[in-house]
Amino acid sequence: MSNSSFRDSTVIIIETSRTSVRAGIGLHDLLRLPTIDIPARVGLRRNAVTQNGEEGPSTSKAVGSAKVTDYLVGAPLDQALAAGQDISVFWPFAEGVINDFTQAEAIWKHVLFNLLGLRRALMESPVMLSIVAGLSRDEYERICQIFFERFNVAGFAILDRPMAQFYAVISGMQLSGIVVDIDLDHTDVTPIADGFPVHPARTSISVGLNDCIAYLAHLFRTNTSVMSTLSPVESPLTPDALQETLLALARHVWETGLIKVLAEGEAARDLEDEGVTDIAAIVVAGKERAVIESGIKRRLNAKAQPAEQARAKEMEALDLVTTEFQGKELTVGKERHRFCEPLFDPALLDGIPGVKERESRDLSRPLQNAVGDAVSKTDVDQRNYIWQGLFVTGAITNHIKGLAVALSARVSPYILSAADILNNEVQPRAVKTLRVPDYFAEYREKGDGLAGFLGTSIVAKLSFNDSGGKNHVSKADYTNQGPRTVLGMSPSLL
């Protein structure tokens with residue numbers, strides 16, 4: 001057991017998700033944002049593989065003879081793909097497991113020595129790694145071996161990523177909850193009871209951020225104003241170019257924070273009442289600016305006639321926004337708020353361009369059902385406490401607020417509608433949502449998508465400042481006991 005602690009300035013944080021890797025070095029009084037954020041993918045020139053890779057999360061295996069140095073990671077991979085080189089792309093963590101440890105090692109090596117600028121021979125930094133939950137003991141040992149023997153780290157600890165995300169938002173003695181992590185193509189649901197992930201209850205659905213983007217791009221096809229601006233009659237885009245442009249527009253609308261999550265049934269009702277064609281007609285008539293500015297005019301003209309006020313209110317209800325996109329000014333309406341609908345009704349994705357093909361069963365399991373089913377697999381006396389900590393995270397939450405509240409309303413069938421507190425103490429009576437607290441100043445305006453990195457930083461500050469060394473493996477511990485040490489001296493207790 002190590003009796004040493006490390007300087008905060010030397011600690012390295014690495015958060016590894018299905019499709020991205022975030023990293024940073026140094027812990028400070030105000031926990032900092034990650035300085036490194038790259039896709040969790042590697043590339044291999046096609047003449048070095050026997051099977052083709054795919055552009056997107058792929059688990060295609062490279063040939064066994066491929067070495068760590070054969071893989072391209074980060075900027076070199078991006079440049080090779082942009083240049084049109086014959087590259088196979090692999091995502092080793094995409095399926096929620098580590099499909100290829102050589103590819104995983106190539107990513108971590110690139111982060112440590114290329115992006116953070118560390119040197120193996122002079123390595124004095126410990127590493128706190130958060131990674132997908134549910135790995136086997138052998139996999140934990142192999143990861144520990146890679147970091148000590150290949151990277152020469154001074155100390156090492158592993159943390160289940162859902163626990164890192166949960167640690168970022170809990171307060172007091174709250175130790176139970178459920179983490180919903182929305183990634184690019186999957187959404188993972190992890191119940192937590194008394195400070196431990198309930199592995200038998202963990203589940204996932206094959207719907208994610210990319211599906212929401214593709215769905216919104218499809219909805220934009222019904223907006224005649226958007227279509228006429230992006231693909232005018234005199235110089236129309238090819239079908240492929242138009243699809244790429246609509247996907248880029250959908251991503252732009254999401255990234256600029258123009259989307260809110262609507263209550264169940266609200267989107268369809270409002271669009272039926274207002275009608276996309278009405279919005280398009282207003283835009284074609286050149287009145288979109290008047291509609292957008294009507295709210296301001298109404299407040300400035302408090303003495304306006306009732307008829308004028310009613311008209312201004314009606315125009316404001318159309319909820320039009322103007323945004324700059326690829327040098328053009330586009331006006332979009334309420335259809336943008338339907339962005340998150342595929343999460344709650346995956347059947348909407350059937351036949352949508354740009355959506356990966358799935359089995360029918362993957363399109364019949366909404367997120368709210370997956371969450372409810374996961375909680376129902378936990379012990380009955382734990383469920384009430386788990387429902388008191390619903391946390392929704394993932395990149396999608398960086399630009400959309402209120403997703404956890406919208407989800408909590410949709411899981412109401414799993415909650416008692418008329419709770420009898422005196423005669424029923426174990427059945428859940430309400431759902432409480434969590435968010436990253438405002439006192440983390442660096443994260444205040446960043447949404448909840450960086451909770452994994454924040455939680456990993458919090459645990460690293462505690463673990464590597466522990467002079468008893470019970471929560472991390474030092475180099476001396478590894479030398480004396482080998483990789484198995486990580487099983488008993490790490491925040492992830494197996």
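Presented here is a report on the structure given in the accompanying data block. (Residues numbered from 1 in each chain as written. Predicted model: local features only at pLDDT ≥ 70, side-chain atom pairs only at ≥ 80, totals over all residues. Heavy atoms only, no water.)

1. Regarding the environment of Lys-67
Alright, step 1. For Lys-67, the location among the structural elements is in the loop between strand 4 (42-45) and helix 1 (75-82).
Alright, step 2. A C-alpha to C-alpha distance of 8.7 Å links Lys-67 and Ala-106, two positions 39 residues apart in sequence. (Helix = DSSP H or I, 4+ residues; strand = E, 2+ residues; numbered from the N terminus.)

2. So, the pattern of salt bridges
Alright, step 1. Throughout the structure, instances matching the rule amount to 14 salt bridges.
Alright, step 2. Residue Asp-78 is joined to Arg-41 by a salt bridge in which the shortest nitrogen-to-oxygen separation is 2.7 Å. Residue Asp-78 is located in helix 1, and its partner Arg-41 is located in the loop between strand 3 (36-39) and strand 4; the two are separated by 37 residues in the primary sequence.
Alright, step 3. Among the residues examined, Asp-78 registers a relative accessible area of 35% and is labelled partly exposed.
Alright, step 4. Overall, Arg-41 belongs to the buried group, its relative accessible area being 14%.
Alright, step 5. For Arg-338, the salt bridge identified is with Glu-341, shortest N-O distance 3.1 Å. The same class applies to Arg-338 as to Glu-341, namely buried. (Salt bridge = Lys/Arg side-chain N within 4 Å of Asp/Glu carboxyl O. Buried < 20%, exposed > 50% of the residue type's maximum accessible area, 1.4 Å probe, protein only.)

3. Digging into the packing of aromatic side chains
Alright, step 1. Across all of its chains, the model carries nine aromatic pairs by this definition.
Alright, step 2. Ring plane angle 20° and centroid distance 4.7 Å describe the contact between Phe-147 and Phe-156, whose orientation is recorded as stacked.
Alright, step 3. In this structure Phe-156 comes out as buried when scored by relative accessible area, which is 0%.
Alright, step 4. Through a chain of ring-to-ring contacts, the aromatic side chains of Phe-93, Trp-108, Phe-113, Phe-147, Phe-148, Phe-151, Phe-156 and Tyr-478 assemble into a single cluster.
Alright, step 5. When the ring centre of Phe-344 is taken as origin, the NZ or CZ atom of Arg-410, which lies over that ring, is 4.0 Å away. (Phe/Tyr/Trp six-rings, centres within 6.5 Å; stacked < 30°, edge-to-face > 60°. Lys NZ or Arg CZ within 6 Å of the ring centre and 35° of its normal.)

4. Quick look at helix 7 (residues 239-255)
One turn of the α-helix equals 3.6 residues, which is why residues spaced by three or four share an orientation.
Alright, step 1. Over its 17 residues, helix 7 runs 24 Å from end to end, which matches the ideal 24 Å to within 8%, given 1.5 Å per residue.
Alright, step 2. Along its buried surface, helix 7 packs onto helix 5 (209-220), helix 6 (224-230), strand 12 (321-325) and strand 13 (328-332).
Alright, step 3. Once helix 7 finishes, Gly-257 follows within two positions and takes phi at roughly 70°, a positive value. (Expected span 1.5 Å × (residues − 1). Contact = heavy atoms within 4.5 Å.)

Note that all results are geometric; they support no functional claim without further evidence.
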